[in-house]
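Below are the chains, spelled out letter by letter.
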Amino acid sequence: MTSQIKFKKGTYKFHTNPNFNYQLNRTYAWSNGDLEELKAVAAKITDAATWEKELLELAEKALQEKRMENAIAYYRMAEFFMYDGHPAKITTYDKAVNLFYDYHADLFKSQMIKRDLVPFGAAHLPVLYTIPEDGKFTDTILLHGGYDSYMEEFVPMMLYLRENGFAVYLFEGPGQGGALRKEGLTFIPQWEIPVKTILDYYNLNDVTIIGLSLGGMLAPRAAAFEGRIKRVVAWSLLPNLFELFLYDMPKNFQQVTRLLMEMENEEVINLIMKSLMKKDPMIEWAINHGMHNMGVHTPYEYLKKINQFQYMDVASQITQDFLLIGAEKDHFIPVDFYKPIIEELKNVNSLTYRLFTEKENAENHCNAGNTKLVLDTIINWIKVIKPFLN
């Protein structure tokens, strides 16, 4: 498919740590970082503090040189590893967001993309939406990210879908981007609540929902309770966030942790988790960051909360057409998770499973190395599936 919107292609071995390596690939592919700059700083990154330092230095340099896309990428991703409560976290987030909207001002002045804050209780959900110029479109897409997403990084996807004849409503729900940082909304597993809010506000019916990463589990959860969703795209899907947290741990540790959680032994769990946090800076960051995202205050509360983020309990209620997208070498979600996921989708109208590979440059989490290929796959799937619903 030809397009005005261009996506970067390829995955790179920036770092030996899988998470740092992925986030550097994400900075390059989705956030428009410079490949050579990222290669140069990768070796200097050893923990969250050095990540922050190196990315901020890149951001300041890019800003001075008026390389605005690079500056936006680096500020955004520098904030990513800042601890919640860090004095510069919100100001760095604001800088990235403000630079983004200044740089792309013409998109919004022309109203190609419109920006909204949708009332949600006492707070608001940030929304960007776009409708093809002629007002005619193949489908309406509700698009959202996952655990650590910012909606601004999905704007190229949104515009590509628009080019191909789709109306797109891109939003941040509780726990994400500005909904968390500016509105104070922490994650909830009942994703049907923010989805209903968006569908009601814009009077949307017969929609395709696309969720990425943790959103790949949240979108099907919403679909289980929302009849206006007719098609579901789970762009990476995990059965249970708690089980994902434990996955790479030693088997004995997994067994003991599950038993202690079943016993609700908060004191021992907190001691074990705090010990792990002292030994491993990445676990320390992950749990502290997670407690803030989830709106809890102890490691035990965090584990208890993430155990609610699963889709197996509602899988049998999902009756829509379902596209499941996986990645061959996803460092977050192992391929062996998909078999039980597929087996539980007993009542879907149709099921398509597509596993993207290293040969396609799409083997990493959310296939960040070849976004265009995945979007083309989604577009073609919708165009095949939707006529049968009309």
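Calculation notes
Residues numbered from 1 in each chain as written. Predicted model: local features only at pLDDT ≥ 70, side-chain atom pairs only at ≥ 80, totals over all residues. Heavy atoms only, no water. Helix = DSSP H or I, 4+ residues; strand = E, 2+ residues; numbered from the N terminus. Rg over C-alpha atoms; globule rule 2.2 N^0.38 Å. Buried < 20%, exposed > 50% of the residue type's maximum accessible area, 1.4 Å probe, protein only. Areas by Shrake-Rupley, 256 points an atom, 1.4 Å probe, with all protein chains shown as cover. Salt bridge = Lys/Arg side-chain N within 4 Å of Asp/Glu carboxyl O. Pairing = 2+ DSSP bridges. Axes fitted to C-alpha atoms, helices over the stretch in contact; angles between N-to-C directions. Polar contact = N/O pair within 3.5 Å; in protein donor to acceptor, adjacent residues only side chain to side chain. Contact = heavy atoms within 4.5 Å. Right-handed = clockwise from strand over helix to strand, strands pointing away. Phe/Tyr/Trp six-rings, centres within 6.5 Å; stacked < 30°, edge-to-face > 60°. Lys NZ or Arg CZ within 6 Å of the ring centre and 35° of its normal.

Caption draft 1: Layout of the overall build of the protein. Each helix and strand counted, the protein has 17 helices and 8 strands in total. Against the 2.2 N^0.38 benchmark of 21 Å for 390 residues, the protein shows a C-alpha radius of gyration of 20 Å, consistent with a compact globule. On the principal axes, the C-alpha backbone points of the protein span a range of 60 × 55 × 50 Å. The buried share of the protein, taken over its 390 residues, is 59%. If you sum the accessible surface of the protein, you get close to 16300 Å²; carbon and sulfur atoms cover 53% of it.

Caption draft 2: Quick look at the pattern of salt bridges. Scanning all chains against the criterion turns up 25 salt bridges. Of the charged contacts, one joins arginine 67 and glutamate 37 as a salt bridge, the two residues approaching to 2.9 Å between their closest N and O atoms. Here arginine 67, found in the loop between α3 (48-64) and α4 (68-80), pairs with glutamate 37, found in helix α2 (residues 35-42); they are 30 residues apart in sequence, far enough to count as distant. In this structure arginine 67 comes out as partly exposed when scored by relative accessible area, which is 22%. In this structure, the salt-bridge partner of aspartate 313 is arginine 221, at a minimum N-O distance of 2.8 Å. Residue aspartate 313 is found in the loop between α15 (299-306) and β7 (321-327), and its partner arginine 221 is found in helix α10 (residues 215-223); the two are separated by 92 residues along the sequence. Judged by its relative accessible area of 43%, aspartate 313 falls in the partly exposed class. Salt bridges sharing common partners tie together Glu37, Lys61, Glu65 and Arg67.

Caption draft 3: Local environment of the sheet that holds strand β6 (residues 229-235). The strand order across the open sheet formed by 8 strands is β1-β2-β4-β3-β5-β6-β7-β8, and the pairing between neighbours is mixed. Of all strands in the sheet, those bounded by a partner on one side alone are β1 (114-120) and β8 (350-356). Averaged over all adjacent pairs, the angle separating strand axes in this sheet is 20 degrees, with direction ignored. Sheet topology note: the β7/β8 ladder contains 7 bridges and is parallel.

Caption draft 4: Structural detail: unusual backbone geometry. Within the chain, asparagine 32 stands out as a residue other than glycine whose phi angle is a positive 70 degrees. Positionally, asparagine 32 belongs in the loop between α1 (18-29) and α2. By relative accessible area, which is 26% here, asparagine 32 ends up partly exposed. Its identity is not glycine, yet glutamate 264 carries a phi of approximately 55 degrees, on the positive side.

Caption draft 5: The arrangement of the side chain of glutamine 320 in detail. In this fold, glutamine 320 is placed in the loop between α15 and β7. In this structure glutamine 320 comes out as buried when scored by relative accessible area, which is 6%. Engagement of the side chain of glutamine 320 in a polar contact is seen with the backbone oxygen of alanine 223, the distance being 2.9 Å. A polar atom in the side chain of glutamine 320 sits 3.0 Å from the backbone oxygen of isoleucine 229. Contact partners of glutamine 320, with chain neighbours within four places excluded, come to Ala223, Glu226, Ile229, Lys230, Arg231, Val232, Val348, Asn349 and Ser350.

Caption draft 6: Geometry of helix α9 (residues 192-202). Buried within α9 are the following residues: Glu192, Pro194, Val195, Thr197, Ile198, Leu199 and Tyr202. The positive-phi residue at the C-terminal boundary of α9 is asparagine 203, with phi of around 55 degrees.

Caption draft 7: Structural detail: the pairing of strand β4 (residues 166-171). Of all 6 residues that make up β4, 6 are buried, and the element is covered over most of its length. Burial along β4 is two-sided: Phe166, Val168 and Leu170 facing one way and Ala167, Tyr169 and Phe171 facing the other are all buried. Where strand β2 (residues 123-130) lies against β4, 4 bridges are found, and the strand directions are antiparallel. Bridge pairing links tyrosine 129 to tyrosine 169 in β4. Crossover handedness for the path strand β3 (residues 139-144) to helix α7 (residues 155-163) to β4: right-handed.

Caption draft 8: Fine view of the pairing of β1. Relative to β2, β1 runs antiparallel, the two sharing 7 bridges. Looking at β2, one finds that phenylalanine 120 is bridged to alanine 123. If you look at the hairpin formed by β1 and β2, you'll find 2 residues sitting between the two strands, and glycine 121 has a positive phi there, around 65 degrees.

Caption draft 9: Spatial organisation of the packing of aromatic side chains. A full pass over the atoms with the stated rule returns 25 aromatic pairs. Ring geometry for phenylalanine 80 against phenylalanine 81: centres 4.9 Å apart, planes inclined by 85 degrees, an arrangement best described as edge-to-face. For phenylalanine 80, a relative accessible area of 2% corresponds to the buried category. Among the residues examined, phenylalanine 81 registers a relative accessible area of 1% and is labelled buried. Between phenylalanine 187 and tryptophan 191 the ring centres are 6.4 Å apart and the planes differ by 35 degrees, which places this aromatic pair in the tilted class. For phenylalanine 187, a relative accessible area of 0% gives the class buried. Positioned above the aromatic ring of tyrosine 101, the side-chain terminus of arginine 115 is 3.6 Å from the ring centre.

Shape descriptors only; they carry no functional weight alone.
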